Amino acid sequence: MEKVLVLDFGGHYNQPIARKVREQNIYAEIVSYQKITADEIVAQGYKGIIFTGGPDSVFEPDAPHCDAAILSAGLPILGIGYGCQLIAYMAGGKVTYNGEISEFGATELISDGSELLDGFPPVSICWMSHRNHIKEAPLGFHVTAYTERCPVAAMENSKDHIYGVQFHPEMIETEYGELVLHNFLYNICGCVGEWKMDRFVEYKINQYRERLADKKVLLALSGGVDSSVAAVLVNQAIGDNLTCVFVDTGLLRKDEADHVEKTCRDILNINVTRVDAAERFLSALKGVTSPDEKRRIISEEFNNVFEEEAKKLGKVDCLVQGTIYSDVLERGAGDISFTGSDEGALHQVVEYDEMAEPLRSLFKDEVRKAGLALGMPEEFCYRQPFPGPGLAIRCVGEITKEKLDTLREADAIFREEIAKSGYDRFTNQYFAVMTDTHSVGVIGDERVQGSTIVLRSVTSDDFLTADWSRIPYEILAAASARITSELPGITRIVYDITPKPPATVEWE
Ligand code: XMP
């Protein structure tokens, strides 16, 4: 399979570079600069190498430097930011610090004809982020772009197929960023662009078929998109040698546990063991009101249950986790994450020889596409996110079975009304919250104290920020009328109109 190596020097944007390459239908793998030699790169058949940016100064003693032989391995190389400076430094150019030359943000770029910048107008906008700069390009390199402050904004040595840009083509602010990558990948590396998600899936299935043949493999299935896609992928590689453990915490939405179990068994053909642990979670959470404490207890209880199940299997060879790229960024644990900083504690309670994270390099929308490529139902791949601690963090204050049951019904009504109206296409996450606020209501001639339910719906690309959905009043009215008439004890419904920030998506 045609692939390109993204050699990681610690920049924030190594994954976006890999993603931009994949968007051009070429598979990209990210490997740390310390973990690969020139010989290995050549042996693995990469068509080209991209050196990423990074926060260091190439001339500092501890700065990350790769195997010097990579520069003379004969493969096309594109250096970005720090990667460009490293090429200059290793090839004998001059990299220096001069505060006046630092650039951060959108900057005017002046370029002339070059292989890498083919198609660039004489003046365009690029995104800069550097303190150091290349003062002199190395011998054999030709400077192809500059800015007002940066004398070497792009350089190339077309004889040896080595190119560098000080600016960041992977950033959306660089007007012709995609063109840089396109020129490098297609014109310089000679790629043909054969990669699509179905190729990725096929590649991973073959890889795991070899790697995990005859091994005992375990996965914690949450019913969310990530762990389900990971499960289906590994299942297609090794069949029933994969055991998925699905823990019903009693904190799932209405009918969710049955739905997940049925879909996995009957449609996805996954070997799944369901553990009904609702009572155990409920008693562990008795009397607890602090959200942090709820998360901690749920995480601990989940690990205990999972550990017990894993022990029943005997020695596990491989633990599969549904970690995706945003989890790697947040140092989270895949889609079974109970706290913002959970480190994927499952690996601490299960004894295993190796860990596999097949989706680690993918963004959420890519994971959904991988699910479709694996033949998973569309409505399953496009499920809305659901937090690891489940309804516990949507049930403000102490959690009781009664509160949870009422919340489950209210949430189901709200979701039904949204789905019925077709508004689910315009919102990314929507749910009900059970507050511990009581307010006065009237039922018949009587004044009563009832509970308050909050309805929340947000639109968001990445959930780092979110806006509240402008749901048509009729949908809210229908949901409100049904919840108050079908659920005794609920006398007030409010709709949450706070964006994130300052609010978070969840209430706890
Ligand atoms: P917040 O509330 O932080 O939510 O704005 C952003 C996204 O993350 C989900 N979320 C969680 N997911 N464990 C999870 O697995 C958690 O503890 C957790 N808290 C929030 C939330 O549903 C939203 O999609």
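Residues numbered from 1 in each chain as written. Predicted model: local features only at pLDDT ≥ 70, side-chain atom pairs only at ≥ 80, totals over all residues. Heavy atoms only, no water.

A. Representation of the side chain of Asn-14. With respect to the secondary-structure elements, Asn-14 resides in helix α1 (residues 14-23). Within the structure, the side chain of Asn-14 is placed 2.9 Å from the side chain of Asp-8, a separation counted as a polar contact. In this structure, Asn-14 is in contact with Val-6, Asp-8, Ile-30, Thr-52 and Tyr-325, ignoring residues within four places of it in sequence. (Helix = DSSP H or I, 4+ residues; strand = E, 2+ residues; numbered from the N terminus. Polar contact = N/O pair within 3.5 Å; in protein donor to acceptor, adjacent residues only side chain to side chain. Contact = heavy atoms within 4.5 Å.)

B. Looking closely at the side chain of Gln-24. Mapping Gln-24 onto the fold places it in the loop between α1 and β2 (27-32). Under the relative-accessibility criterion, Gln-24 is labelled buried at 12%. Within the local environment of Gln-24, its side chain forms a polar contact with the backbone oxygen of Glu-178, the two atoms lying 3.1 Å apart. Setting aside residues no more than four positions away along its own chain, Gln-24 makes contact with Glu-178, Leu-181, His-182, Leu-185, Tyr-186 and Gly-193. (Buried < 20%, exposed > 50% of the residue type's maximum accessible area, 1.4 Å probe, protein only.)

C. Layout of the sheet that holds strand β15 (residues 316-320). Read across the sheet, 5 strands follow the order β14-β13-β12-β15-β16 without closing on themselves; strand pairing throughout is parallel. A strand with exactly one partner marks an edge of an open sheet, and here the two such strands are β14 (272-276) and β16 (352-356). Between one strand and the next, the sheet's axes are offset by a mean angle of 25°, whatever the strand orientation. By the bridge criterion, 3 bridges tie strand β12 (residues 217-221) to β15 in an arrangement that is parallel. (Pairing = 2+ DSSP bridges. Axes fitted to C-alpha atoms, helices over the stretch in contact; angles between N-to-C directions.)

D. Spotlight on the nonpolar core. In this structure, Leu-221, Phe-306 and Leu-455 are the most contacted members of the largest nonpolar core, which totals 88 residues. It is helix α6 (residues 225-238) that contributes the most residues to this core, 9 residues altogether. Viewed by domain, this core spans two of them, domain 2 (197-381) and domain 3 (393-495), each represented by three or more residues. (Core = buried A, V, L, I, M, F, W, Y, C linked by side-chain atoms within 4.5 Å. Domains from an automatic or database assignment.)

E. Structural view of the packing of aromatic side chains. Counting across every chain of the model gives 14 aromatic pairs. Following the ring pairs from residue to residue traces out a cluster consisting of Phe-9, Tyr-33, Phe-51 and Tyr-82. Over the ring of Phe-431 we find Arg-394; its NZ or CZ atom is 3.7 Å from the centre of that ring. The cationic tip of Arg-470 hangs over the ring face of Trp-468; the distance from NZ or CZ to the ring centre is 3.9 Å. (Phe/Tyr/Trp six-rings, centres within 6.5 Å; stacked < 30°, edge-to-face > 60°. Lys NZ or Arg CZ within 6 Å of the ring centre and 35° of its normal.)

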